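Chain residues, written in single-letter form:
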Amino acid sequence: MTIFWFLSAMAFAALAFGCYVQTRFILKRLDQMLTDAVNGEFTEIDYTETLLSRLESRMYQYLSLQKQHRDKISKERDTVKMLISDISHQTKTPIANILLYTQLLQENIGSDTQAACLAQQIEQQSEKLHFLIQALLKTSRLEHGIVAVVPEKYPLRELVRQLHWPAQAQEKKIHCQIQEDIPDVTAYFDLKWTLEALSNLIDNAVKYTPYGGSVSLTFEDYTMFVRINVADTGIGISEENTAQIFARFYRAGQVQQEPGVGLGLCLTREILQREGGYIKVSSRLGKGSVFSVFLPKNCQNCKN
């Protein structure tokens, strides 16, 4: 009986050791398979009916499908890139010509008031079309990675220094004010694209603020972010519209008569998200709005 239990224990130990060796081999092979997959070097070994071989075959099929999917996305991105480039090139000259011919027409109309009015409408609609195409191109280029937002470390004061108030502010006698004691801090952002984002907010603030109102820029220094507030005393935004204003082409009913195509806020949010920042809005209908931009003060994958 003692010999029986001894032999049984030896057999169990041998079985356990065999399972351990087999499991270790399988895990080692799986680790190598995943390493090869990460490096793009995975290939299927000679197929047998073993469990490991079937697993390798499934892995090979999965990775092959993933590669096909990536290649398809890359091809589609190249197609979109070419399409956007063609649209930009093909529309630039016709729109410029329409504006030129409109100006020539206006110079030769003389005292014909009705014709002058029509020529002015043509010019305004042409400029609107030009603005729409440019806004669409910028948004599409960002979304498809054709142009990159590259955050770098900049002083907040440098960003503010390059901001400009739109001419409409002077025309509407709007009081424009920038906080005097700008925090002496740095943040990570793409200077060109962040100027674009803030300019969109300032343009909107001026556009939707009535004659004699005010627009202000204030700043707050937080631990993780720098906050820039663009506040106005304009028409405000209703609560039901606040959640939709960042959607592409969305325009609330009360601003339909104002010029614009509903792409500025969409583009602004896209820029800030790609910088690791974000945007918030608080508003009261008839009282004004505050758009707050948050720029990160730390960025692991940015240029120093």
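Heads up: the structure comes first, above all this text.
Quick caveat, the model's predicted, so the values are computed rather than measured.

1. Topic: the overall build of the chain
Helix and strand counts for the chain stand at eight helices and seven strands. Counting all 304 residues of the chain, 33% fall into the buried class. Of the roughly 19,700 Å² of accessible surface on the chain, a fraction of 56% belongs to carbon and sulfur atoms.

2. Details of the side chain of serine 289
Looking at the secondary structure, you find serine 289 in strand 7 (residues 288–296). At 2.7 Å, the side chain of serine 289 and the side chain of serine 283 are in polar contact. In this structure serine 289 touches Val230, Ala231, Asp232, Gly236, Ile237, Ser282 and Ser283, once residues within four positions along its chain are discounted.

3. Observations concerning the nonpolar core
Ranked by internal contacts, the top residues of the largest apolar core, which has 33 residues, are Leu156, Leu159, Leu201, Ile228, Phe291, Val293 and Leu295. Of all the secondary-structure elements, those providing two or more residues to this core are helix 4 (156–161), strand 3 (186–189), helix 6 (191–207), strand 4 (214–221), strand 5 (225–232), helix 8 (264–274), strand 6 (278–284) and strand 7. Sort the elements by how many residues they give to this core and helix 6 lands first, with seven residues. Those residues in contact with valine 293 that lie beyond four places of it in its chain are Leu198, Leu201, Val226, Arg227, Ile228, Leu272, Tyr278 and Ile279. With five residues, the next largest nonpolar core counts Val149, Trp193, Ala197 and Ile271 among its residues.

4. What about the sheet that holds strand 5?
Reading across the sheet, the five strands line up as 2-4-5-7-6 and stay open at both edges, with mixed pairing between neighbours. What marks the edges here is a single partner per strand, and that holds for strand 2 (175–178) and strand 6. Neighbour-to-neighbour, the strand axes of this sheet turn through a mean angle of 15 degrees, independent of strand direction. Each of strand 4, strand 5, strand 6 and strand 7 is contacted by helix 6, which is oriented at about 25 degrees to strand 5, the strand it contacts most. Taken strand by strand, helix 8 contacts strand 6 and strand 7, and its axis lies near 140 degrees from that of strand 6.

5. Looking at the packing of aromatic side chains
The final tally for this structure, using the stated rule, is five aromatic pairs. Between tyrosine 222 and phenylalanine 294, the aromatic rings sit 6.4 Å apart at their centres with planes inclined by 25 degrees, giving stacked as the arrangement. With a gap of 72 residues between them, tyrosine 222 in the loop between strand 4 and strand 5 and phenylalanine 294 in strand 7 connect regions that are remote in the sequence. Residue phenylalanine 294 is classed as buried on the basis of its relative accessible area, which comes to 4%. Members of the aromatic cluster, joined through ring pairs, are Tyr222, Phe225, Tyr278 and Phe294. The positively charged end of lysine 192 is found above the aromatic ring belonging to tryptophan 193, 5.7 Å away from the centroid.

6. Quick look at the environment of tyrosine 211
Within the fold, tyrosine 211 resides in the loop between helix 6 and strand 4. In this structure tyrosine 211 comes out as exposed when scored by relative accessible area, which is 61%. With 38 residues separating them along the chain, tyrosine 211 and lysine 173 place their C-alpha atoms 6.1 Å apart. Those residues in contact with tyrosine 211 that sit more than four places away from it in its chain are Glu171, Lys172 and Lys173.

Conventions and cut-offs
- Residues numbered from 1 in each chain as written.
- Predicted model: local features only at pLDDT ≥ 70, side-chain atom pairs only at ≥ 80, totals over all residues.
- Heavy atoms only, no water.
- Helix = DSSP H or I, 4+ residues; strand = E, 2+ residues; numbered from the N terminus.
- Buried < 20%, exposed > 50% of the residue type's maximum accessible area, 1.4 Å probe, protein only.
- Areas by Shrake-Rupley, 256 points an atom, 1.4 Å probe, with all protein chains shown as cover.
- Polar contact = N/O pair within 3.5 Å; in protein donor to acceptor, adjacent residues only side chain to side chain.
- Contact = heavy atoms within 4.5 Å.
- Core = buried A, V, L, I, M, F, W, Y, C linked by side-chain atoms within 4.5 Å.
- Pairing = 2+ DSSP bridges.
- Axes fitted to C-alpha atoms, helices over the stretch in contact; angles between N-to-C directions.
- Phe/Tyr/Trp six-rings, centres within 6.5 Å; stacked < 30°, edge-to-face > 60°.
- Lys NZ or Arg CZ within 6 Å of the ring centre and 35° of its normal.

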